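# A structural walkthrough
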Number of protein chains: 2
Amino acid sequence: MNSPHLKIIPLGGLGEIGLNMMVVEYGETLIIVDAGLMFPEEDMLGIDIVIPDFTYLRENRDRIQALIVTHGHEDHIGAIPFFLREFQVPVYATPLTLALISEKLREHNLLQWSRLVRVLPRETIRIEPFEIEFIQVCHSIPDGVGLAIRTPAGVLVHSGDFKIDNTPIDGRRCDLARFAAYGEEGVLALLSDSTNVEREGYTLSEREIGRTLREIFRECPGRIVVAVFASNIHRIQQVVDIAREFDRKVFLNGKSMVANIRIARELGYIDFDPDEEIFLPDIQKLPDSQVLMLTTGTQGEPFSALTRMAFNVHRKLKVQPGDTIILSSKFIPGNERAIHNIINNLYRQGAEVIHEQVKDIHVSGHAYREELKLLINLVKPKYFIPIHGEFRHLVKHRQLAAATGIPPERCVVAENGNIIHFMPEGTVVEKGVEAGRVFVDGKGVGDVGDLVLRDRRHLSEDGMVIASLVLSKETLEILNGPDLISRGFILEETKPEILDGAKCVVLEVLDRFISDSAVWDCADFQMEIRRELKRFFQRVLERRPFIYPIVVEI
Amino acid sequence: MNSPHLKIIPLGGLGEIGLNMMVVEYGETLIIVDAGLMFPEEDMLGIDIVIPDFTYLRENRDRIQALIVTHGHEDHIGAIPFFLREFQVPVYATPLTLALISEKLREHNLLQWSRLVRVLPRETIRIEPFEIEFIQVCHSIPDGVGLAIRTPAGVLVHSGDFKIDNTPIDGRRCDLARFAAYGEEGVLALLSDSTNVEREGYTLSEREIGRTLREIFRECPGRIVVAVFASNIHRIQQVVDIAREFDRKVFLNGKSMVANIRIARELGYIDFDPDEEIFLPDIQKLPDSQVLMLTTGTQGEPFSALTRMAFNVHRKLKVQPGDTIILSSKFIPGNERAIHNIINNLYRQGAEVIHEQVKDIHVSGHAYREELKLLINLVKPKYFIPIHGEFRHLVKHRQLAAATGIPPERCVVAENGNIIHFMPEGTVVEKGVEAGRVFVDGKGVGDVGDLVLRDRRHLSEDGMVIASLVLSKETLEILNGPDLISRGFILEETKPEILDGAKCVVLEVLDRFISDSAVWDCADFQMEIRRELKRFFQRVLERRPFIYPIVVEI
């Protein structure tokens, strides 16, 4: 496999949701599709965000020619600042995507050092030996694209994140003609979004939401609050349109909401007149029936405006009886308890809440099974590679492709870190590249690893106990202590006898060590303290705190 | 409100899912309905289970006459051992419920001290001034009952957890006739299960699941694994019946599965012949097409058999290609990531997985809106009190009752700790009783409170740093240290400069204190170390570890 040939190397997003990043290389040229982040899972304690492991990129630094971005969601652009800090390559994307990337780079003080190249759908860029055409797709953010990457080995089609919406809000349909044209010409491999492969049928059109929202507006005399992802410009457009029909003014709540609307306005992606907007002081002046708030915080994020309103700690906005709050978004698994908490507290404040689990006020941006089949049939690839999904999604998507007629042996399930070699005699999937998750915690990138997380987990379960003791080096007499300190272990006043008992344990170990041990060894002594305290706490409380003995000899 | 009158005091389950416990009292008599637990939420770090606060019961110890239990789920019986340890009162329940309670009391070494009284549906017990009839209902465990509590003020009807299943597996229908009879007679108040008030229509009959399962069995040539709640005897009965049809032998996997089947067999609640069962060594001897495993672990519990199989660490059971694993249960919010992890790993082992999100292989045990309305219409209560639900469920159920015709002012939303007084002139809801959540962690009950949890949370976010230093009391010379130790904070080898820097911070503070301070104050010194280290870590890493300075003067 040493002669130049086409390779695809997923660095993220295959076997997980989020963290999308993929390398396409041929000979000396390496291009990258997307550089996304992932929000931490429950067991990644204290982690802010997760980004892909760039090890393979570092090893091939000089060969990287471009980063190509399919759309502006965090799981496709969130790692770009970290990427560009290390790799100075041009970034190619459509206008809105590029504007969102710029916003992010500005925050990281990287904008002036970056080369950002604007590409429109149906345009083609050339990065030898590749030619890449951007193909318009529908998604829950405007300006998403799929890619056709012409390589010396044949054409790769990459779906991006897509759905087929035949009545999109902005009229920009999924460009099935281009997918079909490549299909007619002959496609080596299709890489397609697997997120919703477990859902039968077709996604509803974004436009359907408008109908339900309109019904709700018709019946609500009080203030209406619509919570929505700030990047879902089409959803926001519909809400703004309906607000106009019902004579409500719009208040934009939340930093990213304000920023995204500004960008969308600048680029002409939203039809929302400034005089339809109101600001905080004006809300009180209008009758309730003329107020609409658009807010972020659909996932129960702890510091979002919606959360603060729900818990009545927002300094300027109070929920009042008669308010209707519409959560127009999916409950992302893992966030459900937080979201339910918000809903319960909004009810406690007297509001009525409408969410996706009681009414159809959200549609997905990812194709369902029938759409996935349609794309496969249009593109008619020789090979099929499911992307963007957890392992079960990839397997199910492979099964779907096989059912659609792609020979099963040419449906390739690969995971992050695999290399898919396209050889004249067929594809070979090889393990071989370091890939995984790098944790970002505060300013630190990669300085919190599994070991640190294990300690955090341990500390979070039963807290810690520190036993400190100062001994005379010569006589082994106690100069100070033993002092027992605990945190996150027990409410000490409820059971003072526990730490007193622990003190006795330390003293007993010391006695035993002084009388038994031929040679005094402080490290052994500390280890024995830890062992005995562990046993003691297990016996009296069945708990396993982190135990740290500090013995100083002077 | 001093004359004897009827009071209802919810101690758990109103405003939350789980932890069900309610006091009904009149004059000098106090009876309790259910004593359930709650599994800890994500932010209750290290907590094993949660039980209700018994403070009110302690204050009224001598008046408690009985604990009446509606069914054998953990959220109704899980706190009984903790309750009976403090309050020696008889427990009334139906046979299976009582057997499950006994099992639990045996584990806690309480069985021989307990008075357990077996009651059958349609039987009435008398606890002056109350008369309580047990009314058969359908639920996801057999032998569930609702209650009709005749009091001097009128009849209370308590639905228990219920659904209306017109084709139940064991033929024991929800006893609508008794509910109707009380309705005809006149009911003071209906307390009804709100869990599924957000779901339109009717629940499917448990029997429907059989059809889907049978289809799956028909198409699977390999081994089949069905994961199910061990208490869902009707589901298990159906699986066993279908196994019989398809000539599969059944292996019972998991401690609670084995225990519950044993109990159900002893009481005649399951038709499952011992020679239809196989044991571990026999599995290999049978062809795959004749093997069925029934297992626990539907919620991705870390040590369950299913989890161990999924991660290929089960010592005796391996998943193999061709296996079909059916998760016949609900994905409980909060457990979704764990369950998805299991599913992904089962696919990695080559299995096919079927779950409720792709096929109808689970029905709920809680009534949907139409059933809830039906019960209200049968019982025709004067007052309506929604129970068993988060706050939003209670509000929605109140709205539903009002829509069904109960005057809104007689639909009473109360929460835990409220006292609902039934006075001749109407009901009064008063705050007034201590109620809440008591955490059980290992052997400790109530010794972990919010403060300890806050520390655990803090420790889990950014770990801890201990700075220790021994000074001479006279000269303030350093005798030992400063030593900096961290856990869960940073992978020290990636950035040794951080803790070195922290050491310098401590030395600087010491210098400053020695030269500046008129009077040396060790407590001030430690506080200043904490403050400066906090600032330092914030600046270099944007992290806020738990900082603990230990300064010893000798």
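Residues numbered from 1 in each chain as written. Chains lettered and ligands numbered in written order. Predicted model: local features only at pLDDT ≥ 70, side-chain atom pairs only at ≥ 80, totals over all residues. Heavy atoms only, no water.

## Let's talk about the UniProt feature "binding site: Ca(2+)" (unreviewed entry) in chain A
All names here are of chain A. Look at the UniProt record and you will see "binding site: Ca(2+)" (unreviewed entry) annotated at Gly46, Asp48 and Asp441. For the residues just named, distributed over 396 residues, the greatest C-alpha separation is only 6.9 Å, placing them together at one site. Its location among the elements puts glycine 46 in the loop between strand E3 (29-33) and strand E4 (49-52). Among the structural elements, aspartate 48 can be located in the loop between E3 and E4. What makes aspartate 48 partly exposed here is its relative accessible area of 40%. If we skip the residues at most four places from it in the chain, aspartate 48 touches Pro40, Val440, Asp441 and Gly442. (UniProt positions renumbered as here; feature names shortened; annotations may be inferred. Helix = DSSP H or I, 4+ residues; strand = E, 2+ residues; numbered from the N terminus. Buried < 20%, exposed > 50% of the residue type's maximum accessible area, 1.4 Å probe, protein only. Contact = heavy atoms within 4.5 Å.)

## Thoughts on unusual backbone geometry
Residue and element names in this part refer to chain A. With omega at 0°, the peptide bond leading from glutamate 128 into proline 129 counts as cis. For proline 129, the position within the fold is in the loop between strand E8 (124-127) and strand E9 (130-136). In this structure, proline 482 follows glycine 481 across a cis peptide bond, with omega equal to -5°. Although it is not a glycine, histidine 388 sits at a positive phi angle of roughly 55°.

## Observations regarding the relation of the copies chain B and chain A
Its rotation angle being 180°, the transformation that places chain B on chain A also includes 0.0 Å of axial translation and leaves an RMSD of 0.0 Å. Taken together, the rotation angle and the small translation identify this as a two-fold axis. Across chain B, the rotation axis passes nearest the C-alpha of B:Ser460, at a separation of 2.4 Å. Both copies present the same face, since 100% of the interface residues in chain B are matched by interface residues at the equivalent positions in chain A. (Least-squares fit on C-alpha atoms with pLDDT ≥ 70 in both.)

## Describing the pattern of salt bridges
Tallying each qualifying case throughout the model produces 86 salt bridges over all chains. For A:Arg122, the salt bridge goes to A:Asp175, with nearest N and O atoms at 2.8 Å. Here A:Asp175 lies in the loop between strand E11 (154-158) and helix H5 (176-185) and A:Arg122 lies in the loop between strand E7 (116-118) and E8, a separation of 53 residues in the sequence. Among the residues examined, A:Asp175 registers a relative accessible area of 10% and is labelled buried. The partner of B:Glu276 in a salt bridge is B:Arg244, with the nearest N and O atoms 2.4 Å apart. With B:Glu276 in the loop between helix H8 (255-266) and strand E15 (277-278) and B:Arg244 in helix H7 (residues 233-245), this residue pair connects regions lying 32 residues apart in the sequence. The exposure class of B:Glu276 is buried, given its relative accessible area of 14%. Accessibility expressed as a relative area gives 34% for B:Arg244, which makes it partly exposed. If you follow the salt bridges from partner to partner, you end up with A:Asp441, A:Asp447, A:Arg456, B:Asp462, B:Lys495 and B:Arg543 in one network. (Salt bridge = Lys/Arg side-chain N within 4 Å of Asp/Glu carboxyl O.)

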